[in-house]
Amino acid sequence: GPVSVPLEIEIPALNLTAPILGVGLTLTNAMAAPRGIRETDPLWYSVFWYRGGGIPGNAGTATLAGHYNDVLGRPAVFAFLADVVVGDVILIRDHRTGHEIPFIVHETARYSAEEAADPAVLARIFGAAAVSGGEALSPVSDQTAHLTLITCDGTWVDDTFDLRLVVYATRAQYP
């Protein structure tokens, strides 16, 4: 199950601060809700870090997922992620060091469930190394720290939302 990690995410534009939980999810389940959690469970308001990918702030891609709504249809942690725009700041705070790592949003995208299962899209969301089982498909050429946020979007069809909303951000290069 999810494990507590000493990280939290802050998205000032959304007035959002949330704890980050580490999950060892498979790629196919990375966007799915943990099953059987009650409406009172704090997991609806936590963000899940896919530990098969990169560490936030390190070169590579760190992927964070969050719920759009809870079992009763109320807004969950990433309910308003669609309001994030290019140029917004996302902060990852490390409680052990007190450091904040700033990321700048450079793109938002929506994918159908079919598109989100495409290997090229998965490689973009999770990083090539995660998708190929640890062996990078190509060397990380830019040595840049990437952060990807993902949640559900669209319409509820057949027990799932029909779209995935993805926010792509890159670590801010402050002097």
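The notes below deal with the structure included here. (Residues numbered from 1 in each chain as written. Predicted model: local features only at pLDDT ≥ 70, side-chain atom pairs only at ≥ 80, totals over all residues. Heavy atoms only, no water.)

## Concerning the environment of aspartate 153
- Assignment of secondary structure puts aspartate 153 in strand 7 (residues 145–157).
- As a C-alpha pair, aspartate 153 and arginine 110 span 43 residues in sequence and 7.9 Å in three-dimensional space.
- Side-chain polar atoms of aspartate 153 contact the side chain of arginine 110, separated by 2.3 Å. (Helix = DSSP H or I, 4+ residues; strand = E, 2+ residues; numbered from the N terminus. Polar contact = N/O pair within 3.5 Å; in protein donor to acceptor, adjacent residues only side chain to side chain.)

## Description of the nonpolar core
- If you look at the biggest cluster of nonpolar residues, it comprises 26 residues, and the most contacted ones within it are Ile9, Ile90 and Leu149.
- When residues of this core are traced back to their parent elements, those giving at least two are strand 1 (3–11), strand 2 (16–23), strand 3 (47–50), strand 4 (60–66), strand 5 (89–94), strand 6 (100–112), strand 7 and strand 8 (160–171).
- Ranked by residue count, the leading element in this core is strand 1, at 4 residues.
- Contacts of isoleucine 90, omitting those with residues within four sequence positions, involve Ile9, Glu10, Ile11, Ile101, Pro102, Phe103, Val105, Leu147, Leu149, Val167 and Ala169. (Core = buried A, V, L, I, M, F, W, Y, C linked by side-chain atoms within 4.5 Å. Buried < 20%, exposed > 50% of the residue type's maximum accessible area, 1.4 Å probe, protein only. Contact = heavy atoms within 4.5 Å.)

## What to know about unusual backbone geometry
- With phi around 55°, asparagine 15 is a residue other than glycine that occupies positive phi space.
- Note that asparagine 15 resides in the loop between strand 1 and strand 2.

## Re the pattern of salt bridges
- The full count for this structure, using the stated rule, is 7 salt bridges.
- The partner of glutamate 100 in a salt bridge is arginine 93, with the nearest N and O atoms 2.8 Å apart.
- Where aspartate 153 meets arginine 110, a salt bridge forms, and the shortest distance between an N and an O atom there is 2.3 Å. Here aspartate 153 is found in strand 7, whereas its partner arginine 110 is found in strand 6, with 43 residues between them in sequence.
- Ionic contacts of the salt-bridge type, sharing partners, join the residues Glu8, Glu10, Arg93 and Glu100 into one network. (Salt bridge = Lys/Arg side-chain N within 4 Å of Asp/Glu carboxyl O.)

## Points about the pairing of strand 1
- Pairing analysis gives 6 bridges linking strand 1 to strand 2, with the strands arranged antiparallel. Considered in strand 2, the bridge of glutamate 10 is made with threonine 17.
- The loop that links strand 1 with its antiparallel partner strand 2 comprises 4 residues; one of these, asparagine 15, has a positive phi angle of about 55°.
- Bridge count for strand 1 against strand 5 is 4 bridges, and the pairing is antiparallel. Looking at the pairing, isoleucine 9 lines up with isoleucine 92 of strand 5. (Pairing = 2+ DSSP bridges.)

So, to be careful, I would describe these as geometric facts and stop short of saying anything about function.
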